[in-house]
Amino acid sequence: MADVAFRGATKRFDRRPAVEHLDLEVADGELLVLLGPSGCGKTTALRMVAGLEEPDEGEIVIGGRVVNDVEPKDRDVAMVFQSYALYPHLNVERNIEFPLRRRGVDAQRRRQTVHEVAASLGLQELLARKPRELSGGQRQRVALARAIVRQPRAFLMDEPLSNLDAALRLQTRADIVALQARLGTTTLYVTHDQVEAMTMGHRIAVLDHGVLQQVGPPHALYDRPANLFVAKFLGSPGMNVLPATLEGTAAHVARVDGGHVPLGDDGVAASGQVASLAVGVRPEHLALSPSGTLEAKVLLVELLGADVHVLCQLGHQTKLVVRQDASAPRPAIGDGVRIAVARGSVHVFTGESGGRLGGPG
Amino acid sequence: MRPDSRNGSGERGSRCRRGRASRRRRRLAARYTLLTIGALVVLAPLYLTFVSSLLPPSALAERPPPLFPLDPQWHDYVIAWTQGDLGVYLRNSAIQTGIIVCGQLVTSVLAGYAFAFLRFPFKRALFVVFLATLMIPFEVTLVTNTQTISELGWYNTFAGLTVPFLATGVGTFLLRQAFLQIPRDLREAATLDGYGRLRFLLRIALPLARPALAALGVFSFLAAWNQYLWPLVVTGSGNGVRTVQIGLKLLQGTEVSRTDVALAGTVIAVLPLLVLLVVFQKQLVRSLTAGAVK
Amino acid sequence: MSRGRESPPARTRRSRAVREAALGYLLVLPALAVFGVFVFYPFAENFRLALYQTPPYPGLPSRYVGLHQVGQVLASSGFLQSLGSTLLFVVMVVPAGLLIGLLLAVAAHRRLRAMAVYRVIFSSTVVTSVAVSALVFGTLMDPVVGLLPWLGLNPSPPILQNTTWALPAIAVMSVWQFLGLSFVVMSAGLSAVPEEVLEAARVDGASERTVFWRVTVPLLSPTIFFGLVVATIYAFQTFGQVDILIGYSSAAFEHVNLLVYDILNTIEVAKTSGQAAVLSLALFLLTLGVTLLQLRLVERRVHYAA
């Protein structure tokens, strides 16, 4: 086991940067999730650790050693591919055994290890099958088994759940978390699914256009997003973002389409220099209330079981989502409503760079 | 079409159905008739050859020709095998075909692997060069190739018979395509599992390219075994490396000029390939139609 | 546990790329060597040889005559007759072979009882060599033991010596031999025609005949065209039939002196490599022409299923 680090790692494809000057440390035994939309560079970052891509600049460090010049096979990391990459002509047993054959493990020891790992993942009945005779979930477990069997210094997982159906994904998510906790192996986990990231990661690193946006524990990113991108990407539905102007010099209140929102008690310092602003409020911090400070019209009401999402229009341009309990009285489409904003829940960002100026936390 | 056949209800509907059924039966009968006539026409030459090869010489001129060898004479086969030297020719053909098939498989696998997986300067240009060989029929290169063979002293040798055919543009193309079908993830997984280029080729790529290998193998077997022009040119004298196809010409021509013996020789020469056809029909069809259907 | 060499990344990367390239060349080399020596060199040599006249007696040096020899050979009556016979042969063999192959393929296309047997039978001539076919048909057409006199066909002189009938006789044999390939190719083309399209046409009220001519054949046109090109190129290369059944001692030889036979004759009997080179280039141009025609037509006229 080992820690993993990117030090100023940069990778360009045809001069277009895929990962730009990435600095990131993954502690020994940590499960770090690389999160971002497709094309954000998260998979490229993972492949640099594996040695499948060479960084154009910067260093990749595994276990305190720069590995830029180390061949992939000598890096002692195991990868779980999105497609699982099982060898179609080998049965499950041979697939799991495959990495061991090149490591000078004797046949009997190999057999024993394979059977232990297979048993731990509930694969012992399937050892004689070929990959094409397995279900998606079973293939996924074989891919995991093949990674585990080597006892590598780090696991690299590239969207390992994206080919599973929703129910299985939920189950497997929990299985992987438990497995990682049991083995204590440093893990880099790539996904575009923020729910996966929130539920699995010890920490999350959010990437956009090859640039690291923020790193931290899930709740920190959720509660204190460093910028608009992170704010919108985390949470479902994402944070409501409204263009705003500050009212007066006190800056305890921001004016938006259809009304105003209260800022935190300390307001926004130094806001005088900022030309345009955006405020962000999570749907769960909004409520329909006659005493609300925002005036809106109901566009859509979505029942999601325990929750209700109410999509409203403020003024001409702005839309936002209010989350309500299903037990609360539901408005009808077209109703005029007022929306109350919970105190101390408003994030303030600059309108141009999207950087965080202030807010709760 | 009967006037009521468009009405689909009640009594008239069932009559309509009966009409359709009988029409279908008639069509089926017509189809089988056509198929059978076709089969007879296609088979007749080979079948008559087979029957004639078993007839006593006196019965050869009987008309109509006997359709069953009531009193099969295997004697002609013995003559063809011994006096006609067919045994030797068959052995030579087996060696010649074996060398060509193995050679083509090896060179195609190596080049196909390089074109599919490796990066090197002028790769595209070289691939075009490989494909360009398809545009040059072997017959066009005959003038100089005969000279080359004589300068190398390769007349009447297996080298002369086989070396010009040890590489194939089609085969390289076929295997490159097969290798390109292998997902990149699989290659990378093998890399991380510690398998270098050669081991990846042997343990992953070749097993996965088995259908293409089989198709190429069957195809080059067929082509090599049936070669006529080149073996004729390079096996000028003596039986040393003469192949079965050339042996057939000699059977028919000078050496043992007896029709029944020649026919027995023909059967011996074609039999291995008919077996090949029945056993490897799928691979054969695949290789013959590689360029036909997109 | 692993390599501890600390070299600048750029250098290792370059040396890794060099090693990969070296391996690439190494793997391509065997095939390339064979192609170089036995395909490209002799092909190019044709252009040089065509400019030199081989003297009538061996041992004398050959003489540079420029394009004179090319014109001489191409205008010679021998070449024109050979070219004419070859083209006539192509016309007799290719359409007939393709059409019968298509007919049999369509007939055998349904999933019906015993179809597998018919398919093996129809494709069987794929494996019969030229020598086998020639012997089989040589016997059938023999004036003494053959079947022709019994069938009432007894031309005089015998068919393979007959200036009128020798070429058609060779063509019939070649059509038979080509049937297997034609059938296999057409069957593969047919099975690539999507069944839903045919069903859609039937539901739209088209008769089987209309479906065949208006849907199947257009969708099959790339296959038919492929067959046409391959068959034409093969027919240009016909040699064994002439060598075994006719030979230059036959009375009909002048009329069945197909191009490749002419080339080999020029090399081995006349021993004039310059003339043989000109003939070889003519054969090459014929092949090239057909192939280029294919490229042109495939782009323009032939209907492709999307």
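Residues numbered from 1 in each chain as written. Chains lettered and ligands numbered in written order. Predicted model: local features only at pLDDT ≥ 70, side-chain atom pairs only at ≥ 80, totals over all residues. Heavy atoms only, no water.

**Student:** Looking at this structure, I do not really get the overall build of chain C. What am I missing?
**Tutor:** In terms of helices and strands, chain C carries 11 helices and 2 strands. Of the regular secondary structure in chain C, the N- to C-terminal order runs α-β-β-α-α-α-α-α-α-α-α-α-α. Taking 19 Å as the expected radius of gyration for a compact globule of 306 residues, we find that chain C reaches 26 Å, considerably beyond that expectation. Judged by the C-alpha coordinates and their principal axes, chain C covers about 90 × 75 × 40 Å. Across the 306 residues in chain C, those meeting the buried criterion constitute 52%. Residue pairs at least 24 apart in sequence account for 68% of intrachain contacts in chain C once pairs closer than 6 positions are excluded. Here chain C displays about 14,800 Å² of accessible surface, and carbon together with sulfur accounts for 65% of that area. Across chain C, the mean location of the 20 positive side-chain charges is 12 Å away from that of the 14 negative side-chain charges. (Helix = DSSP H or I, 4+ residues; strand = E, 2+ residues; numbered from the N terminus. Rg over C-alpha atoms; globule rule 2.2 N^0.38 Å. Buried < 20%, exposed > 50% of the residue type's maximum accessible area, 1.4 Å probe, protein only. Contact = heavy atoms within 4.5 Å. Areas by Shrake-Rupley, 256 points an atom, 1.4 Å probe, with all protein chains shown as cover. Lys, Arg positive; Asp, Glu negative; His and termini not counted. Charge placed at Lys NZ, Arg CZ, Asp CG, Glu CD.)

**Student:** Can you help me understand the sheet that holds strand β9 (residues 203-208) of chain A in this one?
**Tutor:** Strand pairing in a sheet relies on backbone hydrogen bonds, with the paired strands running either antiparallel or parallel. Residue and element names in this part refer to chain A. Strand order in the open sheet made by the 6 strands is β6-β7-β8-β3-β9-β10, with mixed pairing throughout. Taken across any chain shown, the strands that pair with only one partner, and hence form the sheet edges, are β6 (77-80) and β10 (211-216). Neighbouring strand axes in the sheet, compared pairwise and without regard to direction, differ in orientation by 15° on average. Pairing of β9 with β10 involves 5 bridges; the strand directions are antiparallel. Each bridged residue has a counterpart across the sheet, and for L207 the counterpart in β10 is L212. (Pairing = 2+ DSSP bridges. Axes fitted to C-alpha atoms, helices over the stretch in contact; angles between N-to-C directions.)

**Student:** What exactly am I supposed to notice about a negative patch on the surface here?
**Tutor:** There is a patch of like negative charges on the surface, built from D3, D23, E25 and D28 of chain A. Within the secondary structure, D28 of chain A is located in the loop between β2 (16-26) and β3 (31-35). (Patch = residues over 30% accessible without salt bridge, like charges linked within 9 Å, V, L, I, M, F, W, Y side chains within 5 Å. Salt bridge = Lys/Arg side-chain N within 4 Å of Asp/Glu carboxyl O.)

**Student:** It is not clear to me how the confidence of the model for chain C should be interpreted in this structure. Could you clarify?
**Tutor:** The predicted coordinates should not be examined in detail at positions where pLDDT is low. With 92% of its residues at a pLDDT of 70 or more, chain C has an overall mean of 86. Scored below 50 in pLDDT, residues 1-7 of chain C makes 10 contacts in the model with residues more than four places away or belonging to other chains. (pLDDT = per-residue confidence, 0-100.)

**Student:** So what exactly am I meant to see when it comes to helix α10 (residues 210-225) of chain B here?
**Tutor:** Given 3.6 residues per helical turn, the α-helix brings residues three or four places apart onto the same face. Residues and elements named next belong to chain B. For α10, with 16 residues, the first-to-last C-alpha span of 22 Å sits near the 22 Å given by 1.5 Å per residue. Buried within α10 we find A212, L213, A215, L216, G217, V218, S220, L222, A224 and W225. Considering only its buried residues, α10 is in contact with α3 (86-117), α7 (169-180), α9 (197-208), α12 (244-252), α13 (259-279) and α14 (281-288). (Expected span 1.5 Å × (residues − 1).)

**Student:** Whenever I open this one, the environment of G58 of chain A confuses me. Can you help?
**Tutor:** All names here are of chain A. Counting through the fold element by element, G58 comes out in strand β4 (residues 57-62). When its relative accessible area of 33% is taken as the criterion, G58 is described as partly exposed. Expressed as a C-alpha distance, the spacing of G58 and F6, which sit 52 residues apart in the sequence, is 7.6 Å. Residue contacts for G58: discarding those within four places in its chain leaves R7, G8, A9 and N68.

**Student:** Is there a simple way to think about a positive patch on the surface in this case?
**Tutor:** A cluster of basic residues, R20, R23, R24, R26 and R27 of chain B, forms a positive patch on the protein surface. For R26 of chain B, the position within the fold is in helix α1 (residues 10-53).

**Student:** Where do I start with the packing of α12 of chain B against α13 of chain B in this structure?
**Tutor:** The relative placement of two packed helices comes down to the angle between their axes together with the axis-to-axis distance. Residues and elements named next belong to chain B. Contact pair α12 / α13: the axes reach a minimum separation of 9 Å and the direction vectors enclose 170°. Classed by the angle they form, the pair α12 and α13 counts as roughly antiparallel. Pair α12 / α13 crosses with left-handed handedness. Where α12 approaches α13, its residues V244, L248, L251 and Q252 are matched on the opposing element by V261, A262, G265, T266 and A269. Looking at the contact of α12 with α13, its residues break down into 6 nonpolar, 3 polar and no charged. (Parallel < 35°, antiparallel > 145°, perpendicular 65-115°, else oblique. Left-handed = near helix turned anticlockwise from the far one by under 90°. Nonpolar A, V, L, I, M, F, W, Y, C, P; charged D, E, K, R; others polar.)

**Student:** Quick question: what am I supposed to make of the pairing of strand β16 (residues 294-304) of chain A here?
**Tutor:** Two faces, one strand: in a regular strand the side chains alternate between the faces of the sheet. Residue and element names in this part refer to chain A. Two elements, β16 and strand β19 (residues 336-341), share 4 bridges in a ladder whose sense is antiparallel. From the neighbouring strand, K297 faces β19, where its bridge partner is G336. For β16 and strand β17 (residues 307-314), the ladder comprises 7 bridges, and the chain directions are antiparallel. Residue pairing for β17: K297 is matched across the bridge by Q313. Between β16 and the antiparallel strand that follows it, β17, lie 2 residues; G305 among them carries a positive phi value of about 85°.

**Student:** Just checking my understanding: could you explain the interface of chain C and chain B for this structure?
**Tutor:** A common way to state how big an interface is: give the accessible area lost once the parts meet. Tallying the contact residues gives 85 residues for chain C and 88 residues for chain B. Both sides together, the interface formed by chain C and chain B hides about 7,600 Å², and carbon and sulfur atoms give 77% of it. On the chain C side of the interface with chain B, the three residues burying the most area are E20, F38 and V127 of chain C, jointly 10% of the side's total. The interface formed by chain C and chain B contains 3 salt bridges. One salt bridge connects E20 of chain C with R119 of chain B, and the closest N-O pair in it is separated by 3.7 Å. Counting across the interface, chain C meets chain B through 15 residue pairs in polar contact (both at pLDDT 80 or more). The element best represented in the side of chain C that touches chain B is helix α1 (residues 9-49) of chain C, accounting for 22 residues. Grouping the amino acids of the side of chain C that touches chain B by side-chain chemistry returns 60 nonpolar, 17 polar and 8 charged. (Buried area = accessible area lost by both parts, 1.4 Å probe. Polar contact = N/O pair within 3.5 Å; in protein donor to acceptor, adjacent residues only side chain to side chain.)

**Student:** What's the story with the sheet that holds β4 of chain A in this structure? I'm lost.
**Tutor:** Residue and element names in this part refer to chain A. Taking strand neighbours across the sheet as the criterion, the 4 strands line up as β2-β1-β4-β5 in an open arrangement whose pairing is antiparallel. Either end of the sheet is taken by a strand with one partner, and the two such strands are β2 and β5 (65-66). Bridge count for β4 against β5 is 2 bridges, and the pairing is antiparallel. Within the sheet, the bridge partner assigned to I62 lies in β5 and is R65. Each of β1 (4-13), β2 and β4 touches helix α1 (residues 42-50); the most contacted strand, β1, lies at about 115° to it.

**Student:** How do you make sense of the nonpolar core when you look at a structure like this?
**Tutor:** Soluble globular proteins tend to pack their nonpolar side chains together in the buried interior. One finds F6, L34 and L188 of chain A, F179 of chain B together with F122 of chain C to be the most contacted residues of the largest nonpolar core, which totals 213 residues. For this core, the element with the most residues is helix α6 (residues 166-191) of chain C, which contributes 16 residues. Among all residues touching L34 of chain A, those that are not within four sequence positions of it are L24, K42, A45, L188, Y189, V190, T191, A205 and L207 of chain A. (Core = buried A, V, L, I, M, F, W, Y, C linked by side-chain atoms within 4.5 Å.)

**Student:** How do you make sense of the packing of aromatic side chains when you look at a structure like this?
**Tutor:** Where two aromatic rings form a pair, the distance of their centres and the angle of their planes describe that pair. Inspection of the entire model under this criterion finds 29 aromatic pairs over all chains. Ring geometry for F117 of chain B and F200 of chain B: centres 5.5 Å apart, planes at 75°, overall edge-to-face. Note that F117 of chain B is positioned in helix α3 and F200 of chain B in helix α9, a separation of 83 residues in sequence. F117 of chain B gets classed as buried once you look at its relative accessible area, which sits at 11%. A residue is classified by how much of its surface remains accessible, and F200 of chain B, at 3% relative accessible area, is buried. When the ring of F122 of chain C is compared with that of F183 of chain C, the centres are 5.3 Å apart and the planes differ by 65°; the resulting orientation is edge-to-face. Separated by 61 residues along the polypeptide, F122 of chain C in helix α4 (residues 115-123) and F183 of chain C in helix α6 bring together distant segments of the chain. (Phe/Tyr/Trp six-rings, centres within 6.5 Å; stacked < 30°, edge-to-face > 60°.)

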